[in-house]
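# Working through the structure, step by step
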Amino acid sequence: MIQRRDISENILSGSATLKDVLVALNRGIQGVVFVVDDSGAMTGLFTDGDARRALLGGGNLSDFAAQHMNRKFTVGKASDSRQENLKLLNERVRHLPLVDEAGRPVDMITWAEMWRLPVMEPSLAGNELKYVTDCLGSGWISSQGPYVRRFEEAFATFHSVPHALTVSNGTVALHLALVALGIGPGDEVIVPDLTFAASANVVIHCGATPVLADVTPDTWTLDPADVARKITRRTKAVMPVHLYGHPCDMDPILALAKKHNLFVVEDNAEALGAEYRGAKTGTMGDVGCFSFFANKVITTGEGGMVICKDAALFQKMQVLRDHGMEKSRRYWHLVPGFNYRLTSMQAAIGLAQMERLEHFLSRRDEIVARYDAALSKVPGIVLPPRAPWARNIHWLYSILVDPALAGIDRDALAVRLGELGIETRGFFFPLHIMPPYASTDAFPVTTDVSSRGLSLPTANDIRFEDVDRVCAAIADIVRTALTLKNHAAA
Ligand SMILES: Cc1ncc(COP(=O)(O)O)c(C=O)c1O
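Residues numbered from 1 in each chain as written. Predicted model: local features only at pLDDT ≥ 70, side-chain atom pairs only at ≥ 80, totals over all residues. Heavy atoms only, no water.

Tracing the backbone through its elements, the reader meets Pro-384 in the loop between strand E16 (381–382) and strand E17 (390–391). As for Pro-384 and Ala-269, which are separated by 115 residues in sequence, their C-alpha atoms are 18 Å apart. Residues contacting Pro-384, with those up to four places away along its chain left out, are Trp-220, Asp-372, His-394, Tyr-397 and Ser-398. (Helix = DSSP H or I, 4+ residues; strand = E, 2+ residues; numbered from the N terminus. Contact = heavy atoms within 4.5 Å.)

Rendered as structure tokens:
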């Protein structure tokens, strides 16, 4: 038995005013209000658009809702099956109130429920199944066999580097790099305040201390000026994170690293394929680290990679990845290492994903152009950064919401989009406000960007109609919020 949802907040009586309707809609109740008579039977409804049209058509906030409501509505019967009722939904009928025998709304279903749009989902329509099947058939399902090597080779070739090593995920890629570089107790590693926590966690797992630096407003990535301020005698490395697909400003970071003799470990979990002045992200530091979690540009389910140019460092990472065992002498351990290997089945998926990487990247450019064109017209929506020297691959198409101009803040916008079946992600919290990384330093840019940033659906295979749907929903929500704000001010 399917439980009914509580729609009491969606129901207003005939004596409600237009203002009551707008306030209810703005609170976020799936974008629909049902108006009922004294017996509780439905007499009309308002969507966001209905309410806005009423105001723009000369209605006053103090008018009775009944004067302006939409009286031509479709209802389903609460006693009918869900399947039966779903048939009544379409592009025009997006909210279906379900009424009892007396015509009283007791439940509803929405178009959005049928068309949930995730922030990210993998695209596995290439050779993934073929290669995994081949892998299973061969019996090479652990971390040996041809697929691991082929995936590593394809990855190294894409980046024009001599060495690529698969690992179990992006977090251990970072950990492996730091351990191989000798980072340990007493050392400091500079990490951006705005990043996924794994970047800082791995520093702590080495026994070292993550020292946070702010990001810049025009890249949302590590601010070289703040890095310079945070360098001490104990600083051993800096970790530029190419956040949300945008490269860090690497030249000044590399210059600082050279001057102070620091290692550079690039956290490129989110920016496979991005470029800084023509160089691929992940290839400019000592080690580049990647994640292939299911929401990343390419995926192996869980998985990761480290790349580097230095043969000795590569060998160190190879040994550490495999229990610290000498490569040519089984069961002879040189160091206490880890098991950070990727399975052959995952590598089979990874190889198939690599075959389509260029396609994914160009598809992303098209998705981004479509978002840019529509959202640049919406007041209070700040488009993602794109420094002149950057190729941003927009891991997630991410915007900032300016509540003063949009009439709505980031969190309320996210709730409203969620009700329309559009999944979004707020940005990472600033690391410095969470207990494991607490710092009393000021991080004004991270603090601001983190509270206003919102990532929108950006799957490699997202349909252009769905991008349009997201943009139209944002435009509509902002328009309603501004209408309400303007009337309240009047
Ligand atoms: C910036 C950043 N670093 C590290 C990671 C860790 O990668 P994984 O989830 O594969 O361990 C992620 C992703 O989840 C990330 O976004």
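That covers the picture; the talk isn't over yet.
Okay, the layout of surface pockets next. The volume enclosed by the largest pocket comes to roughly 970 Å³. Forming the walls of the largest pocket are 34 residues, and the residues nearest its centre are Glu-91, Arg-92, Val-93, Arg-94 and His-95. Among the secondary structure elements, those contributing two or more residues to the lining of the largest pocket are strand E3 (42–47), helix H2 (48–56), helix H5 (111–114), helix H16 (410–419) and helix H18 (464–489). When residues in the lining of the largest pocket are grouped by element, the largest group, 7 residues, is from H18. Reported here for the second largest pocket is a volume of approximately 540 Å³. Together, 18 residues line the second largest pocket, and Gln-144, Arg-321, Asp-322, Lys-327 and Arg-341 are the ones closest to its centre. Taken together, the residues of the lining of the second largest pocket break down into 5 nonpolar, 5 polar and 8 charged. (1 Å grid on protein atoms, 1.4 Å probe; cavity = no way out; pocket = protein on both sides within 12 Å on 5 of 7 lines; lining within 4 Å. Points joined across faces, edges and corners; volume = space filled by probe spheres on them. Nonpolar A, V, L, I, M, F, W, Y, C, P; charged D, E, K, R; others polar.)

Right, let's talk about the domain arrangement of the protein for a bit. When cut into domains, the protein gives domain 1 (8–114), domain 2 (128–355) and domain 3 (357–489). Distance from the C-alpha centre of domain 1 to the C-alpha centre of domain 2: 52 Å. (Domains from an automatic or database assignment.)

Here the structure, examined in full by the defined rule, presents 1 cavity of 30 Å³ or more. Reported here for the largest cavity is a volume of approximately 40 Å³. Forming the walls of the largest cavity are Thr-219, Trp-220, Leu-243, Tyr-244, His-246, Pro-384, Pro-385, Asn-392, His-394, Leu-396 and Ser-398. The residue makeup of the lining of the largest cavity, split by class, is 6 nonpolar, 5 polar and no charged. Two domains share the lining of the largest cavity, each providing at least three of its residues, namely domain 2 (128–355) and domain 3 (357–489).

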